[in-house]
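Working through the structure, step by step
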Amino acid sequence: MPSIQLEINTGKLSGEGVITAQKKLSQLENVFEDEATRASMDQEQLIYEVQAFMPVEEGKEGGLYFGNSTIFPGKVNEEYFMTRGHFHAKLDTAEYYWCIQGKGALILMDENGKTWLEEMTPGSVHYIPGKIAHRVANTGEEKLVFNACWPSEAGHDYGTIEKEGFGARLKDIEGTPTLVATKNEMV
Ligand code: F6R
Ligand code: MN
């Protein structure tokens, strides 16, 4: 038997070595545009959860990691619940995402701040090239589940996004998910 199992219908991973990390609203300070609203909401609310199978040491070249992310539905004011987003620390490393369940958007940004999105629906496969920051938002009413595969040498650079943000934010504008450009960058 292989060491881990993927439940095909739900994207859930199980087996020895699968780790789970949760992000509650309290851990997402300054991630959403409307920080005052985020701070006024239930801080215990679970926003997303990531399972990962990392069979080799992080940073080691040549290995592959497997992940399963779940983003719960909801918004902070007009902005959909989403992941923090990152560049890879080893910038020129790519990643695959594929959607298992729910409805959402993969928000991508190049190094010049140009920001665009790919819609996520069950079965959609997303190749994220190197040097592209990536974040996922849940635009639906049920949970959004996607799997990922990325190189063990990639690492994560969260600092650049914490400082600069993406070039646009995904908001519910009169019921339609709409990318709204932020002040300093272009969509
Ligand atoms: C790994 C990757 C995903 C994300 C996960 C949570 O490189 O892109 O597994 O790590 O969806 O998002 P972040 O890491 O941005 O909080
Ligand atoms: Mn990544």
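Residues numbered from 1 in each chain as written. Chains lettered and ligands numbered in written order. Predicted model: local features only at pLDDT ≥ 70, side-chain atom pairs only at ≥ 80, totals over all residues. Heavy atoms only, no water.

Regarding the environment of Thr160
Along the chain, the position of Thr160 falls in helix H2 (residues 159–164). In this structure the C-alpha to C-alpha distance between Thr160 and Ala89, which are 71 residues apart in sequence, comes to 10.0 Å. Among all residues touching Thr160, those that are not within four sequence positions of it are Phe87 and Gly165. (Helix = DSSP H or I, 4+ residues; strand = E, 2+ residues; numbered from the N terminus. Contact = heavy atoms within 4.5 Å.)

Section: the UniProt feature "domain: Glucose-6-phosphate isomerase prokaryote" (unreviewed entry) in the chain
In the numbering used here, UniProt assigns the feature "domain: Glucose-6-phosphate isomerase prokaryote" (unreviewed entry) to residues 22–175. End C-alpha atoms of residues 22–175 are separated by 28 Å, and the span's content is 8% helix alongside 43% strand. (UniProt positions renumbered as here; feature names shortened; annotations may be inferred.)

Details of the pattern of salt bridges
By the definition in use, this model includes six salt bridges. Here Arg38 makes a salt bridge to Glu35, at a shortest N to O gap of 2.7 Å. A residue pair is termed a helical-turn pair when its members lie 3 or 4 positions apart in one helix, as Arg38 and Glu35 do in helix H1 (residues 35–40) at three residues. Of the residues examined, Arg38 reaches a relative accessible area of 5% and is grouped as buried. Residue Glu35 is classed as partly exposed on the basis of its relative accessible area of 21%. For Asp172, the salt bridge identified is with Lys75, shortest N-O distance 2.7 Å. Residue Asp172 is found in strand S14 (residues 168–173), and its partner Lys75 is found in strand S6 (residues 75–76); the two are separated by 97 residues along the sequence. In this structure Lys75 comes out as partly exposed when scored by relative accessible area, which is 35%. (Salt bridge = Lys/Arg side-chain N within 4 Å of Asp/Glu carboxyl O. Buried < 20%, exposed > 50% of the residue type's maximum accessible area, 1.4 Å probe, protein only.)

Some thoughts on the packing of aromatic side chains
Each aromatic ring pair is described using two quantities: the centre-to-centre distance and the angle formed by the ring planes. Counted under the stated rule, the structure contains five aromatic pairs. Seen from their ring centres, Tyr65 and Trp150 are 5.8 Å apart, and the 80° between their planes marks the pair as edge-to-face. Remark: Trp150 occurs in strand S13 (residues 144–151) and Tyr65 occurs in strand S5 (residues 64–71); sequence separation between them is 85 residues. No difference in accessibility class separates Tyr65 from Trp150, as the two residues are buried. Across the ring face of Trp116, the terminal group of Lys114 is positioned such that the distance to the ring centre comes to 5.0 Å. (Phe/Tyr/Trp six-rings, centres within 6.5 Å; stacked < 30°, edge-to-face > 60°. Lys NZ or Arg CZ within 6 Å of the ring centre and 35° of its normal.)

Details of the pairing of strand S8 (residues 95–101)
The buried count for S8 comes to five of seven residues, which makes it a mostly enclosed element. As paired elements, S8 and strand S11 (residues 125–128) share four bridges and run antiparallel to each other. Bridge assignment links Tyr96 to a residue of S11, and that residue is Tyr127. Relative to S13, S8 runs antiparallel, the two being bridged by five bridges. Note on S13: the bridge partner recorded for Tyr97 is Ala148. (Pairing = 2+ DSSP bridges.)

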